[in-house]
Amino acid sequence: MAQQPFVKIGHFKDAGAFIGHLHRLGLDLPCDQRVLGAAEHSPLAQPLEIDGFTIGNRWCVQPMEGWDGTTDGQPTEHTLRRWGHFGQSGAKLIWGGEAFAVQGDGRANPNQLGIVDGDYQRAGRGAAALLAALQNAHRQRFGGTDDLLIGLQLTHSGRFCRPHEKFRLEPKIAYHHPLLDPKFGIAPDDDSVVISDDYLRALIDSYVRAAKLARDVGFGFVDVKHCHGYLGHELLSARTRGGRYGGSLENRTRFAREIIAGIGAECPGLKIGVRLSAFDHPPFKSDARQDGGGPLGRGICEDFAGHLPYRWGFGCDENDPLKIDLSEPIAFIQMLGGLSVRLINLSCCSPYYNPHFQRPAAFAPSDGYQPPEDPLIGVARQIDVVRQIKQACPESILVGSGYSYLQEYLPHVAQAVLRRGWTDCVGIGRMILAYWDLPADALAGRPVQSKFLCRTFSDCTTAPRNGLISGCYPLDEHYKDAPAHDELKKKKSELRQALKIIQPK
Ligand SMILES: Cc1cc2nc3c(=O)[nH]c(=O)nc-3n(C[C@H](O)[C@H](O)[C@H](O)COP(=O)(O)O)c2cc1C
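Residues numbered from 1 in each chain as written. Predicted model: local features only at pLDDT ≥ 70, side-chain atom pairs only at ≥ 80, totals over all residues. Heavy atoms only, no water.

Novice: Whenever I open this one, the environment of Ala 305 confuses me. Can you help?
Specialist: Tracing the chain through its elements places Ala 305 in the loop between strand E10 (298–301) and helix H9 (327–338). The spacing of Ala 305 and Asp 320 is 15 residues in sequence and 9.7 Å in space, taken between C-alpha atoms. (Helix = DSSP H or I, 4+ residues; strand = E, 2+ residues; numbered from the N terminus.)

Novice: I would appreciate a short explanation of the side chain of Ser 206 in the present structure.
Specialist: Within the secondary structure, Ser 206 sits in helix H5 (residues 197–217). Residue class for Ser 206 comes out buried when judged on its relative accessible area of 4%. At 2.7 Å, the side chain of Ser 206 forms a polar contact with the side chain of Gln 103. Setting aside residues up to four positions removed in sequence, Ser 206 forms contacts with Val 102, Gln 103 and Tyr 120. (Buried < 20%, exposed > 50% of the residue type's maximum accessible area, 1.4 Å probe, protein only. Polar contact = N/O pair within 3.5 Å; in protein donor to acceptor, adjacent residues only side chain to side chain. Contact = heavy atoms within 4.5 Å.)

Novice: What's the story with the side chain of Ser 277 in this structure? I'm lost.
Specialist: Relative to the helices and strands, Ser 277 is located in strand E8 (residues 271–277). Polar side-chain contacts of Ser 277 include one of 2.9 Å to the backbone nitrogen of His 228. One polar contact links the side chain of Ser 277 to the main-chain carbonyl oxygen of Cys 349, over a distance of 2.9 Å. In this view, Ser 277 contacts His 226, Cys 227, His 228, His 233, Phe 314, Ser 347, Cys 348 and Cys 349; residues no more than four positions away in its chain are not counted.

Novice: Would you take a moment to explain the nonpolar core for this structure?
Specialist: In globular proteins that are soluble, nonpolar side chains generally tend to be buried together. By size, the foremost hydrophobic cluster in this structure holds 122 residues, and its most contacted members are Phe 18, Trp 59, Ile 263, Ile 389 and Tyr 403. It is H5 that provides the largest number of residues to this core, a total of 10 residues. Other than its neighbours up to four places away in sequence, Tyr 403 contacts Ile 383, Leu 410, Val 413, Ala 414, Val 417, Thr 423, Val 426, Gly 427 and Ile 428. Counting 12 residues, the second largest nonpolar core, distinct from the first, contains Ile 55, Cys 60, Trp 95 and Val 399. (Core = buried A, V, L, I, M, F, W, Y, C linked by side-chain atoms within 4.5 Å.)

Novice: Would you mind showing me how to read the pattern of salt bridges here?
Specialist: Close approach of charged atoms lets side chains of opposite charge pair. Within this structure, the stated rule accounts for 35 salt bridges. For Arg 257, the salt bridge goes to Glu 250, with nearest N and O atoms at 3.7 Å. Connected through shared salt-bridge partners, Arg 239, Arg 252, Glu 318 and Glu 328 make up one network. (Salt bridge = Lys/Arg side-chain N within 4 Å of Asp/Glu carboxyl O.)

Novice: What is the right way to read helix H12 (residues 410–419) from this model?
Specialist: Three or four residues apart is the spacing at which side chains of an α-helix point the same way, because the helix has 3.6 residues per turn. Of all 10 residues making up H12, nine are buried, and the element is well covered by its neighbours. Among the residues of H12, Leu 410, Pro 411, His 412, Val 413, Ala 414, Gln 415, Ala 416, Val 417 and Leu 418 are the ones counted as buried. Looking one or two residues past H12, Gly 421 carries a phi angle of roughly 75°, positive in sign.

Novice: It is not clear to me how the site of the ligand should be interpreted in this structure. Could you clarify?
Specialist: Near the ligand there are 21 residues, and of these Pro 63, Gln 153, Ser 404, Gly 429 and Arg 430 occur at the shortest range. At 3.5 Å, a backbone N or O of Gly 402 approaches an oxygen atom of the ligand. The separation between an oxygen atom of the ligand and a polar side-chain atom of Ser 404 is 2.7 Å. For the ligand, the cavity whose grid points lie within 2 Å of the majority of its atoms is the largest cavity. When grouped by side-chain class, the residues that make up the shell around the ligand number eight nonpolar, eight polar and five charged. (Near = heavy atom within 4 Å. 1 Å grid on protein atoms, 1.4 Å probe; cavity = no way out; pocket = protein on both sides within 12 Å on 5 of 7 lines; lining within 4 Å. Sits in = over half its atoms within 2 Å of the grid points. Nonpolar A, V, L, I, M, F, W, Y, C, P; charged D, E, K, R; others polar.)

Novice: Would you mind going over the layout of surface pockets with me for this structure?
Specialist: By rolling a water-sized probe across the atoms, one finds the places where empty space is left. Here the largest pocket defines a volume of roughly 280 Å³. Around the largest pocket sit 16 residues that line it, and Arg 162, Lys 166, Tyr 352, Pro 464 and Arg 465 are the ones nearest its centre. Of the residues in the lining of the largest pocket, the class split is eight nonpolar, three polar and five charged. By volume, the second largest pocket amounts to about 180 Å³. Forming the boundary of the second largest pocket are 14 residues, of which Lys 183, Phe 284, Lys 285, Asp 367 and Gly 368 lie nearest the centre. (Points joined across faces, edges and corners; volume = space filled by probe spheres on them.)

Novice: I'm lost on empty space enclosed by the protein in this one. Help?
Specialist: One pass over the structure, following the stated rule, counts five cavities of 30 Å³ or more. Put simply, the parts of the chain that give the lining of the largest cavity at least two residues each are strand E13 (425–428), helix H13 (430–434) and helix H15 (459–465). The element that contributes the greatest number of residues to the lining of the largest cavity is H15, accounting for three residues. Class assignment of the residues belonging to the lining of the largest cavity gives a composition of 12 nonpolar, 12 polar and six charged.

The structure is reproduced here in structure tokens:
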């Protein structure tokens, strides 16, 4: 995909030049001149205490699914290889590995890991194999796993369920959404896709059973996922829903609270985390009138003028939904703190309807749009939101997201953000797919290996959007030489051709 007119990160000759650029952009994004190794007391090397467990350092691997499991929810060699890399990375907090469906109909794709057909034994074997792959890789490289905390991310994909066919949505929604329904082919009067309170009650039991499975297998915590437009996240904005799980903030957070209470009763001592989209935004679309120098149009916000107050976002101002409003997310995180849930991983928005917020990138995924802003603005926005939440919720242990676009300067920014106390841990997603040694290199005081740096081509998203396994096609030999790579190139070239035809010059 073609590039927008913002300066590539690789263009800067050193951290000083990059810092100058941040100033020119007017971004309050701290960045150190030099990365310290663990021996020099790097903030990234400091241990972190959580309820009697010491996490060895401040690097966190974010959950990333590969669309590469079997149709009965089991890992394949690709999945095990990825989890091995997570272990090899040197990060001491592994947030969930990847989304793991608590029941078959809640899968985001037919190859998502999880509990399919209620077969807990099979799912347990799969989860155990993943955990072992990660722990073995970590042990082999670092000698032990005593300070390695590994979670499993529990999910139901809600509006974005595709349990049977890769391209057929089988949505299970919390409420009708005036912009997302038409965007994803839901008729406004089709109530068959709106899940009942009884469905939610049974689903809560599935979460608790999945947490038991995770505990029995040996995971250190479970993440009750509330991000990215999936069901848990959607319920947080279910203001227009009736019944026990909609309306007031108390009701909208009931799903989370009941799952947490259930896990607490059935799995005493198991740590619980929540990955949360800390703010939301109305959906974006590609503006077909502009080509921005590339095949996809520039991103523009969908027209929400007829839908004010905007009651369908969690963490955006109802009267001006372009603005972030953290009052409810903060109240939710404080509520979680009251339930002894202190581990919070902050992300934002959704990869399905406004990906540039969630994964700032230079190159758009095939179902996206050209970045409407310099992706550094997106990085700084996420970091600043975590800063604000840390200020309001000092007892919570926060993981920040969206750092991969920083590329060469990821460790410089991570170190500076930690030193200021703006976050407790730095989470990295896409960068790990390309360069799984980055945390270990930074901790050892080695310079980054630029040949492995993720340049945010978005192939790891474009591939699954086109029915292929995810992975770093440009940089990881495993995918570079895979048959799926030829398929991906073909799809991208077809897309370019199609867009050339429909877009005016
Ligand atoms: C291929 C891919 C798969 C992902 N899968 C998940 C997932 O299973 N669960 C989740 O919470 N986030 C998922 N994410 C989001 C990442 O965890 C992360 O928030 C995002 O990539 C932004 O961080 P980064 O800039 O470090 O990549 C995924 C991202 C990518 C690129």
